[in-house]
Structures are given as C-alpha cells and as structure tokens.
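# Geometric and topological summary
Now for the letters of each chain:
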Amino acid sequence: MKNILEINDVNKSYRNSIKALDNINLNIKEGEIFSLLGPNGAGKSTLINSICGIVNFNSGTIKINGYDNIKEYRKARQITGIVPQELYLESFETVWKNINYSRGLFGKPKNHKYVEDLLKMLSLWDKKDSKIKELSGGMKRRVLIAKALSHQPRLLFLDEPTASIDVELRKETWDIVRKLNKNGTTIVLTTHYIEEAEELSSRVAIINDGKIILVDETDKLIKKLGEKSIKIELKNEEINFNENLKKKYNLVVHKNILTFKYNIKEDNINLTKMLNEIENNGYQIKDFITEQSSLEEIFIKLIKEDKKS
Amino acid sequence: MNYFGVIAILIHELDRFKRTLLQSLASPIITTSLYFIVFGTAIGSRIKEIDGINYGSYIVPGMIMLTILTQALSNASFAIYFQKFTSTIYEIHAAPLSSFEIILGFVGAAAIKSIIIGLIIIITAGFFVDIEIQHPILMIFFLILTSITFSLFGFIVGLYADGFEGLQIIPILVITPLTFLGGSFYSITMLPEFWQNISLLNPVLYLISGFRYSFYEVSDVSLLTSIITIFTILIGCIFFISYTFIKGYKIKN
C-alpha cells in the first residue's frame, strides 16, 4: 500500500532547548488507522502539529501524499485535517457557521449538501443553528471532528480524541473513527490509552522523550513482546508447596493459586510437562486460567527499558 | 491564492462586528455627539473660527481620525489576539493559507469596520454642523489608507500582546495622546512656537492635517508630507510584519 505520509529525520527543539522530537522517521500507509502511543509530554502532539503546520520543526522533511509540507504546503495541507486535543472553539458562533468557516479556510467553495451529510453523520444536524456554548462536551468534540472533515481530507489527525471523556462517549468516538476509516480516510491518532490503540489501530508507534521506540502491527507487537501467565488453581491450599518445583518453574504460590509467567517468544516452554510434574507430586489441579499481557504492560516495559538505555 | 480562505476570514471577522452591531455603531455615534456637545458647544462658543472654518466643522476630520485610529488598532489587535487566546488560531495555521492571505483577511476586516465607522461619524456630524468635502477622492484615499495602516499596526500589536492589558497599552498610551496633541481639536498655529515645533514630531498631526485638507483645503502642514507620512507608516508596518512572519516569532511555537 502507498505511503500517504513520510516523515524523515525530523527534529524539533523548544526554546528551553528541550528536544521535543528526536530524529523521527515514520511512514503512514494510505487507508490505515495508526496510533501514536506515549505518555504525556512524549512529543505526540508536537509531532502531529509539525505535520499539520501548527508548529515549526527545526530539521528533516515531512511529505504528505508526496508533497513537502513546507515547500508545497498548499497541496499538502489541502488533504489533511486535524482535531485538536482541547475544545478550541469560538463559543458565540453557530455550528453551521463554524463548519463552513473551516471549509472556506481550506480553500473549498460552499457545499451545503456535503456539510449537511457531515453533520448528519456526526448526529449534529439538529444542532446546526445552536451556538457552540449551548452544546455539551461530547457535541463540541464532534463539532471539532466536523470542522476537521469540512474540506474532505484524506488524512485525519486526532490528538487524544478521547482524553478526559466518559466511557460511553469514548465508544461513540471509536465508532466514528471506524466509520471514517471505512469511507477511506487514513487516520492517525495520538493516545496514552493503550486500550484505544489496541481497539482501533492496525499499527502502533510507541513514542517517548521525543523518540520513536518502536513501530509495529498492533497484534504482532502484543505477540512479540507479550508475556503470558497461567494461574493454576489447586484443589487444596498448600502451605508447604514443593520447593524444587517452585524453583524449577519460578512459581509464585499464594494460598491455592500457583502463578507461572512465561513469554510466548520462548520455544522451550513445555506446559504439559510442568502440569504433569505438579500432579505427579500429589497436587490436584482444580482449574487454570491463562492471561496475556496487555499493550499497557508492554508499553510500560518498553519505556522502562528506554529509560535504562 | 486561496481566495475562499481570505473570504472565510473576512466573513468570520465581520460576523463578530454584526453580532455586536449595536455597540459597534452606537459607540461612535454617542462619542461623536459628546464631542460636539463638549468641544463644539462649550469650547466652540469661545472659538468661533479657525482658518476661516467654523469650529464645529473644523474638528470633524480630527474626530474621525481619532476614532479610526483607535478603532482600526483595537479591532485588528483584538481579532488576532482573541484567536491566539482561545487557541482557535490552530485552524488558520493548519489551513493552506499564506501569511499574506492571513493578514489580508484580518486586516481587511478591521479596515472595513473602521471605514464604516468613519462614514457613520461623517453622517452623525452632519446632523450637528455643516460639512463640506472639497476633495472627496482625497478624503476616501486618506480614510482607506489610514484604516488599512492602523489595522495592520493593530494586527502587529495583537500578535505581540501577552494579555488583554497589552492590547490596550498602545491605543491608550500612544494613539489617543498623539491624536489629541496632533491638532484634532485645534490648529497647531494656536500653540507657542516651541510647542508647534514639538508637534511637528508627531506623525498623527500629518494624518489629521492631510485629512482636514481634503475637507476644507486648510492644513497645518503640506499635503505632500501628509501623504508621505501615511505611506511611511504603512511601509514600516509591512516591513515589520514581514520580518515577524519570516522569523515565525509570536505566531507559531
């Protein structure tokens, strides 16, 4: 699939000489949903703001659909839209005027039919004549999405789309993102919610201290780095569990639960053998459950490793 | 050229003017009327004429200038500062707009508002005194050029302001005193020689004088110096704004 966004060696330092972006290289494929995952202050917003022309970066190149976002900014920006993290809206404007203003800024002539369909899709049509200040937080966020989509962009950036919103609204936003992607819009979102990246995106980049630590397909990332654990429930509580077995498999014993942790990357794990050994030592297994580490755990692990290095 | 973008900014900014239409129009009408009551009636009863012109009529061009300068400056500075303050400016940065187009939108809107207000003052003044406009084209030229120049100046003020207080400093501490001391309500020939020479250092004097010439063919300084002054301020503002945009200072992080 063709790259809709190519970022090469991008650096950005703020006046206080903090390096916000440290040699960023990243390609986004047309049609995908991509997540930029990182803790607060990692450089996620600086990166997407640099792509969209909201902040100036110091060196490197950013190409959107093959157009340099500085030298050919008109062509590059025409196909991008951005939904900011905060509710940056003018309170006294009506929804309708706000959306049409955004469309005009991007050099597009009026198209009432398109704006009407857009507002209907975002369940804002009945609020078109309401002033922004009269809307709820969720509606305001949808207005921001409508503004970003007003000029029919092919590449949409969502900066922390579900930060500080309730669960219901989060699910609603996710549905909108999926719907837009289905209609052909490439989506890049920043988030510090692992669940969001896991739920929505096909690929993830993990960013910390202005550096991209890792880029991979979401599933592969979980598989590649994922730890699994098996919790074995014994029929009876064992106060003096066999020390040899405990040491051999590095088991954690708590009451009648044995916890065994392993990484799916390791090939030499023989779970049948371990379970047989437990039984052969006279312990009766009542039940067991397996747990796979979430992206969250992988994320914390990677950031810790990055800090150490 | 992104024409739709410029028009979008223009309409958006003029909408704000429309939303506050009552204040926008009532304020210059009331202020003009008050000036006529205070200066025209109270003082005018003691100063019958200046340069052969009835005092009430004489002060009209100065009054228009005073309002245009402060209105253009505060409208343009508020418009851009407000977008910075609410952070809605992100959209302008993300849009395919050049610096020139952004300035054209904001400054154009502020200048249009100032020109409308200027014309309203002329109409209001017409209810109080007789107004003659000997050189209407020259009057329109001064009105438009001054509105554009001081809107551009206001745009710069708005870009550099760090707070709402900052927006008020230039109009209150610079423009209003310079306008009052620039012969809005008197001719500098009425001052002692020393103060006449000091007044000649005030650029606003040249604007008022040139503007007054277009009405009554009387002026404190030559018409040419007035025209040169307005162009000099305009070019100065253009250079400064170009420098600001090239550096990106105060515009983007």
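Residues numbered from 1 in each chain as written. Chains lettered and ligands numbered in written order. Predicted model: local features only at pLDDT ≥ 70, side-chain atom pairs only at ≥ 80, totals over all residues.

## A few points about the interface of chain B and chain A
Keep this limit in mind: We call two residues in contact when the distance between their C-beta atoms, placed using the backbone, is within 7 Å. Secondary structure is summarised from DSSP: a helix means a run of H or I of at least four residues, a strand means a run of E of at least two, and numbering begins at the N terminus for each.
Each partner contributes residues to the interface: chain B has 22 residues there, and chain A has 26 residues. For the side of chain B that touches chain A, the elements supplying multiple residues, two or more each, are helix H1 (3–19) and helix H5 (90–94) of chain B. A total of 7 residues in the side of chain B that touches chain A trace back to one element, the largest contributor, which is H1 of chain B.

## Considerations on the domain arrangement of chain A
Which entries qualify depends on this criterion: The domain boundaries here were taken from an automatic or database domain assignment.
By domain assignment, chain A separates into domain 1 (3–223) and domain 2 (227–292). Using only C-alpha atoms to locate each centre, domain 1 of chain A and domain 2 of chain A end up separated by 46 Å.

## Re helix H6 (residues 167–182) of chain A
All names here are of chain A. We count it as follows: Helix span is expected to be 1.5 Å times the residue number reduced by one. Exposure in this text rests on C-beta crowding, where 20 or more other C-beta atoms within 10 Å of a residue's own make it buried, 12 or fewer make it exposed, and counts in between make it partly exposed. The C-beta atoms are placed from the backbone. When we speak of the arc, we mean the arc of directions from the helix axis to the C-beta atoms.
If you check H6, its first and last C-alpha atoms are 23 Å apart, about what 16 residues at 1.5 Å a residue would give, namely 22 Å. Buried within H6 we find Thr-173, Val-177 and Leu-180. Down the axis of H6, the buried side of the element spans an arc of 65°, and every buried residue falls inside it. Away from the buried face of H6 by more than 90 degrees, exposed residues Val-167, Glu-168, Lys-171, Asp-175, Lys-179 and Lys-182 are located.

## Concerning the sheet that holds strand E5 (residues 67–68) of chain A
Residues and elements named next belong to chain A. For the record, the criterion: Two strands are said to pair when DSSP picks up at least two bridges between them. Only C-alpha atoms enter the line fits that serve as axes; for helices the fit covers just the stretch in contact. Angles between N-to-C directions range over 0 to 180 degrees.
As summarised here, the arrangement of the 4 strands in space is E2-E1-E4-E5, forming an open sheet in which the pairing is antiparallel. Each edge of the open sheet is held by one strand with a lone partner, namely strand E2 (19–29) and E5. Here strand E1 (residues 3–13) pairs with strand E4 (residues 59–64) via 5 bridges, running antiparallel. From the neighbouring strand, Glu-6 faces E4, where its bridge partner is Lys-63. Seen against the sheet, helix H1 (residues 44–52) touches E1, E2 and E4 and runs at an angle of roughly 65° to E2.

## Let's talk about the pairing of strand E7 (residues 155–159) of chain A
All names here are of chain A. For E7, a buried count of 5 out of 5 residues is recorded, marking the element as mostly surrounded by other parts of the structure. Here 4 bridges tie strand E6 (residues 80–83) to E7, and the two strands are oriented parallel to one another. Within the sheet, the bridge partner assigned to Thr-80 lies in E7 and is Leu-155. Both E7 and strand E8 (residues 186–191) contribute to a ladder of 5 bridges, which runs parallel. When the bridges of E8 are listed, Asp-159 appears paired with Thr-190.

## Structural notes on the packing of helix H4 (residues 60–85) of chain B against helix H8 (residues 164–180) of chain B
All names here are of chain B. To keep it simple, the criterion reads: Oblique is the label for any angle not covered by the other classes, which are roughly parallel (under 35 degrees), roughly antiparallel (over 145) and roughly perpendicular (65 to 115). For any helix crossing, the convention is left-handed if the near helix is rotated counterclockwise from the far helix by under a right angle, and right-handed if that rotation is clockwise. Amino acid classes used here: Ala, Val, Leu, Ile, Met, Phe, Trp, Tyr, Cys and Pro are nonpolar; Asp, Glu, Lys and Arg are charged; the rest, including Gly, are polar.
One way to put it is that H4 packs onto H8 with a least axis distance of 10 Å and a crossing angle of 170°. Taken together, H4 and H8 sit at an angle that is classed as roughly antiparallel. Between H4 and H8 lies a crossing whose hand is right-handed. Across the interface between the two elements, Met-65, Leu-66, Leu-69, Thr-70, Leu-73, Ser-74, Ser-77, Phe-78 and Tyr-81 from H4 touch Leu-167, Ile-170, Pro-171, Ile-175, Thr-176 and Thr-179 from H8. Looking at side-chain class alone, the contact of H4 with H8 contains 10 nonpolar, 5 polar and no charged residues.

## Things to note about the sheet that holds strand E3 (residues 33–37) of chain A
Residue and element names in this part refer to chain A. Reading across the sheet, the 6 strands line up as E6-E7-E8-E3-E9-E10 and stay open at both edges, with mixed pairing between neighbours. Only two strands of the sheet have a single partner each, and these edge strands are E6 and strand E10 (211–217). Each adjacent strand pair in this sheet contributes to an overall mean axis angle of 15°, direction not counted. The strands touched by H6 are E3, E7 and E8; relative to E8, the strand with the most contacts, the crossing angle is about 155°.

## Re unusual backbone geometry
The backbone of Asp-209 of chain A shows a phi angle near 50°, a positive value even though the residue is not glycine. Mapped onto the fold, Asp-209 of chain A is located in the loop between strand E9 (203–208) and E10. According to the C-beta neighbour criterion, Asp-209 of chain A is partly exposed, with 17 such atoms within 10 Å. Residues other than glycine seldom take positive phi values, yet Asp-51 of chain B does so here, at roughly 50°. For Asp-51 of chain B, the location among the structural elements is in the loop between strand E1 (49–50) and strand E2 (53–54). Taking the number of C-beta atoms within 10 Å as the measure of exposure, Asp-51 of chain B has 13 and is therefore partly exposed.

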